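If you want the building blocks of each chain, they are given just below.
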Amino acid sequence: PVFCGNGVPKEWSENNMHKRFTDPATVAALNTAQDFLLHGVEPRKGLDELDRVLIRKMALRQDCGPTRAYTIGWERISLELLCATRLTLVAEPELDLLCPKPWSWNDQCTGAVFKWRQPISRENEEAVIASLRNTIHGLLGGYPTAVEEDQALLELPQLLHVREHSAVLLRMREKLLLRNALTLLQELEMGLDTAQYQAPTIPKWRAPLMLAPGEPLAEVHPLWSVPVNFGEGHEVSMEGYEGQPLERVVTSFSAKYDLSSADAVKLAAEAHHRMPADYAVPKLEVAFEVEVPGRGRRILAVYSGESVGDAVEAFCSHYGVPREAMPDLMASAEHRHAGRAMQRTLVEVPVRGEDGRERVLEVRQGDQHNLQARVEHFVAALLFPEDAVPQLLQAVKDRLPEVMGVATVPGLEGSGEPDLEIHIYKGDDPYEVAKAFCVTRELDEAQVLPKLMRALQAKMRSLQMKVPTDFFFTRNSLFGD
């Protein structure tokens, strides 16, 4: 840095500092240093905001793999090296999206959603390319000879000892590798316009502070707020932000303050009346029961606009699920979410609550075998009164095709159930039904699917139903049809 007459770096001057540095933690650290150097103000002890930012970056860096994988090869720059460089240069507002500030000192992130293989943003990717390019130019400039000089030496082997020849050859190959890396960076730069960036797809409510390009740092204000009075002068505001499902906010608030399901329904109704007119109605994508020690069976729900990771993190935080149980719960939620998204929709039932909220109960292939649970989970996740279950259940049954029969499958090893019942509807395809059944029940397809297929085919033939075998290479005939 260039120092001024008073011993303070020129970059730290009042007018220059904020032009060069924009991240809040960096500006705060520089202001603290400036106050100490100019005015003798002693900094606060312990970690500052910049330290916390670095801790979150280091937490995400673990996803990039070991440092030995940070390599430059002839055909590509390793994804691990690109990942680590992206995180080193990521701006704080983007970091707040990928790895929100922790709830406590024991956590490094709150609900991280970082995808280590994917670029973060165009600005970040441009900075990564520029940084790697400058590093490579610096490495090339550190060699005492050029590639052409090394080639000339190698063409005169009589002047070099065997070891010297090997050293020159290695040096030349290193320079050629670095030159080739510049070409790889140029190809990466040419793909900036078509690259899929992860930061723009993350809901903005995840970050407590957002900094748009060219805009000053500003606090994100809630879209709605409901004051909740607990008596004795204790009042807390329940707030919702852009992109947050109303039901997620109410469920989180209710879990935090141990409110009853009836109170949660009342809060949802009051929040709905305070919502902006253009509020985007969330769609319930997945909902299933999870046994929580000391809290009974609770509903883990994933709404549109949020990742499975966000939903699981929130659920575990709300209900005190042990951290060691999170990986299995995450795997189960991702399996259910991905599997259900692949199934076709059978019926949709529009639901309008007494509070005016309008939602859609969606029944997909696989849900029809346990409609009671599907409707109960929908009602619980979207905070409708429990007495709405029978009416909704009947509405779903009225819209589904005619039930032709029930196939019973005994003795499925590993299923945990001695008998499984599969409802057969008019027009069903046994392969589609069996595969969806495996997904919804999290059964091993390799072991269970053939047994389900045979049971379905046998039942359909006994009911004189046609078993389709005219597509997907007669997939139904693969199981003995």
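Let me sum up the structure you'll find in this document. None of these values were measured; they are calculated from a predicted model. (Residues numbered from 1 in each chain as written. Predicted model: local features only at pLDDT ≥ 70, side-chain atom pairs only at ≥ 80, totals over all residues. Heavy atoms only, no water.)

Section: the overall build of the protein chain
Using the following cut-off: Helix and strand labels come from DSSP, where a helix needs a run of H or I of at least four residues and a strand needs a run of E of at least two; each type is numbered from the N terminus. Relative accessibility decides the category of a residue: with a 1.4 Å probe and only protein chains considered, values under 20% of the type maximum give buried, values over 50% give exposed, and everything between is partly exposed. Should any heavy atoms of two residues lie within 4.5 Å, those residues are considered in contact. Areas reported as accessible are Shrake-Rupley estimates using a 1.4 Å probe. Residue values count occlusion only from the protein chains shown.
Counting secondary structure elements, the protein chain contains 16 helices and 10 strands. For the protein chain, buried positions account for 42% of its 481 residues. In the protein chain, the proportion of contacts linking residues at least 24 apart, taken out of those at least 6 apart, comes to 56%. Roughly 26,800 Å² of accessible area belongs to the protein chain as shown, and the carbon and sulfur atoms make up 53% of that amount.

Quick word on the nonpolar core
Put simply, the rule is: Put simply, buried Ala, Val, Leu, Ile, Met, Phe, Trp, Tyr and Cys residues joined by side-chain atoms within 4.5 Å make one nonpolar core.
Leu-284, Leu-361, Val-375, Phe-378 and Val-396 are the most contacted members of the largest nonpolar core, which has 24 residues in total. Mapped by element, the contributors of at least two residues to this core are strand 5 (284–292), strand 6 (296–303), strand 7 (345–352), strand 8 (358–364), helix 13 (371–381) and helix 14 (389–399). In contact with Val-396, not counting residues within four places along its chain, are Val-347, Val-349, Leu-361, Val-363, Leu-371 and Val-375. Counting 20 residues, the second-largest nonpolar core is a separate cluster that includes Ile-422, Ile-424, Ala-434 and Val-467.

Examining unusual backbone geometry
The phi torsion at Leu-383 lies on the positive side, around 60 degrees, for a residue other than glycine. A relative accessible area of 8% means that Leu-383 is categorised as buried. The phi angle at Gln-464 is positive, at roughly 60 degrees, despite the residue not being glycine. With respect to the element layout, Gln-464 can be found in the segment after helix 16 (445–462).

Describing helix 10 (residues 261–273)
Applied cut-off: An expected span of 1.5 Å times one less than the residue number is assigned to each helix.
If you check helix 10, its first and last C-alpha atoms are 19 Å apart, about what 13 residues at 1.5 Å a residue would give, namely 18 Å. For helix 10, the complete set of buried residues consists of Ala-264, Leu-267, Ala-268, Ala-269 and Ala-271. Buried residues belonging to helix 10 abut strand 3 (224–229), strand 4 (235–240) and helix 9 (246–256).

Description of the packing of aromatic side chains
Note the cut-off: Any Phe, Tyr or Trp ring, taking Trp's six-membered ring, that has another such ring centre within 6.5 Å forms a pair; planes under 30 degrees apart are called stacked, those over 60 apart edge-to-face, and the others tilted. Whether a charge lies above a ring is judged from NZ of Lys or CZ of Arg, which has to be within 6 Å of the ring centre and within 35 degrees of the ring normal.
According to the stated counting rule, one finds five aromatic pairs in the structure shown. Residues Phe-253 and Tyr-257 carry aromatic rings whose centres are separated by 4.7 Å and whose planes lie at 45 degrees to one another, so their mutual orientation is tilted. Overall, Tyr-257 belongs to the partly exposed group, its relative accessible area being 25%. Clustering of aromatic rings is evident, with ring pairs tying together Phe-230, Phe-253 and Tyr-257. Across the ring face of Phe-288, the terminal group of Arg-336 is positioned such that the distance to the ring centre comes to 4.3 Å. The ring of Phe-384 has Arg-357 sitting right over it, with the charged end atom 4.6 Å from the ring centre.

Some thoughts on the side chain of Lys-57
Its place among the elements puts Lys-57 in helix 3 (residues 49–61). Excluding residues that lie within four positions of it along the chain, Lys-57 makes contacts with Leu-87, Thr-88, Val-90 and Leu-95.

With respect to helix 7 (residues 147–154)
Put simply, the rule reads: The arc in question is the one traced by the directions running from the helix axis out to the C-beta atoms.
Every buried residue of helix 7 is listed here: Val-147, Asp-150 and Leu-154. Viewed along the axis of helix 7, the buried residues span an arc of 60 degrees, placing them on a single side of the element.

Some remarks on the packing of helix 4 (residues 79–89) against helix 6 (residues 122–141)
Formally: Whenever a helix is involved, its axis is fitted only over the stretch in contact; in every case the axis is a line through C-alpha atoms, and angles between N-to-C directions fall within 0 to 180 degrees. Comment on the angle field: the value is read as roughly parallel under 35 degrees, roughly antiparallel over 145, roughly perpendicular from 65 to 115, and oblique elsewhere. Helix crossings fall into two classes, left-handed where the near helix is turned counterclockwise from the far one by less than a right angle and right-handed where it is turned clockwise. Side-chain classes follow a simple rule in which Ala, Val, Leu, Ile, Met, Phe, Trp, Tyr, Cys and Pro form the nonpolar group, Asp, Glu, Lys and Arg form the charged group, and the remainder, Gly included, forms the polar group.
Put simply, helix 4 and helix 6 touch, their axes get as near as 9 Å, and they point 110 degrees apart. Classified by the interaxial angle, the pair formed by helix 4 and helix 6 is roughly perpendicular. Here helix 4 and helix 6 pass one another in a crossing that is right-handed. Here Leu-82, Thr-85, Arg-86 and Leu-89 of helix 4 lie close against helix 6, whose contacting residues are Asn-124, Glu-125, Ala-127, Val-128, Ser-131 and Leu-132. Within the contact of helix 4 with helix 6, the residues separate by chemical class into five nonpolar, three polar and two charged.

Describing the pattern of salt bridges
Test applied: By convention in these notes, a salt bridge is any Lys or Arg side-chain nitrogen within 4 Å of a carboxyl oxygen on Asp or Glu.
With the rule as written, the count across this model stands at 20 salt bridges. Notably, a salt bridge pairs Arg-171 with Asp-150, separated by 2.6 Å at the nearest N-O pair. On the criterion of sequence distance, the pair formed by Arg-171 in helix 8 (residues 162–190) and Asp-150 in helix 7 is long-range, its members being 21 residues apart. For the residue pair Arg-171 and Asp-150, the accessibility class agrees, reading buried in each case. Residue Glu-291 pairs with Arg-297 through a salt bridge whose shortest N-O separation is 3.1 Å. Glu-291 sits in the partly exposed class, given a relative accessible area of 49%.

Some words on the state of the cysteines
Applied cut-off: Throughout, a disulfide means two cysteine sulfur atoms within 2.5 Å of one another.
Within the structure shown, the criterion is met by one disulfide. A sulfur-sulfur distance of 1.9 Å marks the disulfide that ties Cys-64 to Cys-83. Taking the torsion about the S-S bond as the criterion, the Cys-64 to Cys-83 disulfide, at about -60 degrees, is left-handed. Taken together, the residues Cys-64 in the loop between helix 3 and helix 4 and Cys-83 in helix 4 connect sequence positions 19 residues apart. One exposure class covers both Cys-64 and Cys-83, and it is buried.

A closer look at the pairing of strand 8
For clarity, the threshold we go by: The pairing criterion for strands is at least two bridges between them, as found by DSSP.
Taking burial as the measure, the seven residues of strand 8 include five buried ones, the bulk of the element. Taken together, the seven bridges between strand 7 and strand 8 define a ladder with antiparallel strand orientation. Residue Val-349 lies in a different strand from strand 8, and its bridge partner there is Leu-361. Between strand 7 and the antiparallel strand that follows it, strand 8, lie five residues; Gly-356 among them carries a positive phi value of about 95 degrees.

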